[in-house]
Amino acid sequence: LHLLCSTLRTSYVHAIICRPWMFCSARDATGAPVAKGVRMTSFVAVKDDLLNAGAEWVDEPVVNCRNMITSRTPDDLTPFCLAIIDAVMSRVTMD
């Protein structure tokens, strides 16, 4: 969890499919869940965990918010992978 919190302060791309439970458990420097205020999606069984952590949960194939890309299930793998490629490429061209 410490590694996740450390890398969230960077411009690294974080891509999570199905169950982003670490974003519910990890806390920022103020003690708030790192998911707080972040628009995310996930497998529907994790919806309540994300909502309780303060995330804005949506039922969409892929959500890109801040430096986090989330996706629901392996059925959404194609748009998920394309979103990761786009995010990485946009950061490469910025350097």
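It should be emphasised that the depicted structure is a prediction, and the values quoted were computed from it without experimental measurement.

Criteria and thresholds
- Residues numbered from 1 in each chain as written.
- Predicted model: local features only at pLDDT ≥ 70, side-chain atom pairs only at ≥ 80, totals over all residues.
- Heavy atoms only, no water.
- Helix = DSSP H or I, 4+ residues; strand = E, 2+ residues; numbered from the N terminus.
- Rg over C-alpha atoms; globule rule 2.2 N^0.38 Å.
- Buried < 20%, exposed > 50% of the residue type's maximum accessible area, 1.4 Å probe, protein only.
- Areas by Shrake-Rupley, 256 points an atom, 1.4 Å probe, with all protein chains shown as cover.
- Lys, Arg positive; Asp, Glu negative; His and termini not counted.
- Charge placed at Lys NZ, Arg CZ, Asp CG, Glu CD.
- Patch = residues over 30% accessible without salt bridge, like charges linked within 9 Å, V, L, I, M, F, W, Y side chains within 5 Å.
- Salt bridge = Lys/Arg side-chain N within 4 Å of Asp/Glu carboxyl O.
- Pairing = 2+ DSSP bridges.
- Axes fitted to C-alpha atoms, helices over the stretch in contact; angles between N-to-C directions.
- Polar contact = N/O pair within 3.5 Å; in protein donor to acceptor, adjacent residues only side chain to side chain.
- Contact = heavy atoms within 4.5 Å.

### Notes on the overall build of the chain
A count of helical and extended segments in the chain gives 4 helices and 5 strands. Element order for the chain, N to C, with α for helix and β for strand: α-β-α-β-α-β-β-β-α. Computed over the C-alpha atoms, the radius of gyration of the chain is 13 Å, within 12% of the 12 Å expected from 2.2 N^0.38 for a compact globule of 95 residues. Considering only C-alpha atoms, the chain reaches an extent of 35 × 30 × 20 Å along its principal axes. Sorting the 95 residues of the chain into buried and exposed places 40% on the buried side. Accessible surface computed for the chain: about 5,600 Å², of which carbon and sulfur atoms make up 59%. Charge centroids of the chain, computed over 9 positive and 10 negative side chains, lie 6 Å from each other.

### What to know about a nonpolar patch on the surface
A contiguous nonpolar surface patch, about 440 Å² in accessible area, is contributed by Leu-82, Ile-85, Val-88, Met-89 and Val-92. Here Val-88 falls in the partly exposed class, since its relative accessible area comes to 37%.

### Looking at the sheet that holds strand β1 (residues 14-17)
Here we have 3 strands laid out as an open sheet, ordered β1-β5-β4, and mixed in their pairing. If you trace the sheet from one side to the other, it starts and ends with β1 and β4 (62-65), each paired once. Neighbour-to-neighbour, the strand axes of the sheet open up by a mean angle of 15°, direction not taken into account. Two elements, β1 and strand β5 (residues 68-71), share 4 bridges in a ladder whose sense is parallel. Looking at β5, one finds that Ala-15 is bridged to Ile-69.

### What to know about the side chain of Thr-41
Tracing the chain through its elements places Thr-41 in the loop between β2 (39-40) and α3 (47-52). Judged by relative accessible area, which is 0%, Thr-41 ranks as buried. A polar side-chain atom of Thr-41 sits 3.2 Å from the main-chain carbonyl oxygen of Glu-60. Contacts of Thr-41, omitting those with residues within four sequence positions, involve Pro-20, Leu-50, Trp-57, Val-58, Asp-59, Glu-60, Pro-61, Val-63, Thr-70, Ser-71 and Arg-72.

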